[in-house]
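# Structural overview for review
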Amino acid sequence: MKIAICCLVLATISVSGLQAATAPGLDAVRVASGLTQPLFVTAPPGDTGRLFIVQQNGEIRILNLATGTLNSTAFLTLTGLTDTRGEQGLLGMAFDPNYATNGKFYLNFTVPGGAFGNGG
């Protein structure tokens, strides 16, 4: 539930120029700033101390929940994502159920040119 609420808060933070509407019983708290195009939040199975924030520009940042701060360096940066408009760029991330032991995770992103542009 915390991850879903953080997704809502991050989505709200990334929308500028819109006025916030109030919803009875719902509070919004800024959990991070200094992000560019955040659109997805996730955490490895069993990891309650960190949130991985996926940014459409190709960067994944880690929010330390104990301190409320972003790590100074990105967890991962994908380069070459030249178009990050609409549904392009880095779009999602999923951790392998055994991430703690195998370190595997999966990314959803578009490649410049893509299938329709005959790109690689």
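Up top is the structure.
First things first, this report covers the structure right here in the doc. (Residues numbered from 1 in each chain as written. Predicted model: local features only at pLDDT ≥ 70, side-chain atom pairs only at ≥ 80, totals over all residues. Heavy atoms only, no water.)

Next up on the list: the environment of Gly58. Of note, Gly58 is situated in the loop between strand E2 (50-55) and strand E3 (59-64). Here the alpha-carbon distance between Gly58 and Gln37, two residues 21 residues apart in the chain, equals 9.3 Å. Among residues more than four places away in sequence, those in contact with Gly58 are Leu76, Thr77, Leu78, Leu81 and Leu90. (Helix = DSSP H or I, 4+ residues; strand = E, 2+ residues; numbered from the N terminus. Contact = heavy atoms within 4.5 Å.)

Moving on: the packing of aromatic side chains. Following the criterion strictly, the structure yields five aromatic pairs and no others. Each ring, one from Phe52 and one from Phe75, has its centre 5.0 Å from the other, and the planes form 90 degrees; the classification is edge-to-face. A residue pair is termed long-range when its members are at least 10 positions apart, and Phe52 in strand E2 and Phe75 in the loop between strand E4 (69-70) and strand E5 (76-77) qualify at 23 residues. Using a relative accessible area of 28% as the deciding quantity, one classes Phe75 as partly exposed. Where Phe95 meets Phe105, the ring centres are 6.4 Å apart and the plane angle is 55 degrees; that geometry is what we call tilted. Of this pair, Phe95 sits in strand E6 (residues 90-95) while Phe105 sits in strand E7 (residues 105-109), and the two are 10 residues apart along the sequence. For Phe95, a relative accessible area of 11% corresponds to the buried category. On the accessibility criterion, Phe105 (26% relative accessible area) is partly exposed. Clustering of aromatic rings is evident, with ring pairs tying together Phe52, Phe75, Phe95, Tyr99 and Phe105. (Phe/Tyr/Trp six-rings, centres within 6.5 Å; stacked < 30°, edge-to-face > 60°. Buried < 20%, exposed > 50% of the residue type's maximum accessible area, 1.4 Å probe, protein only.)

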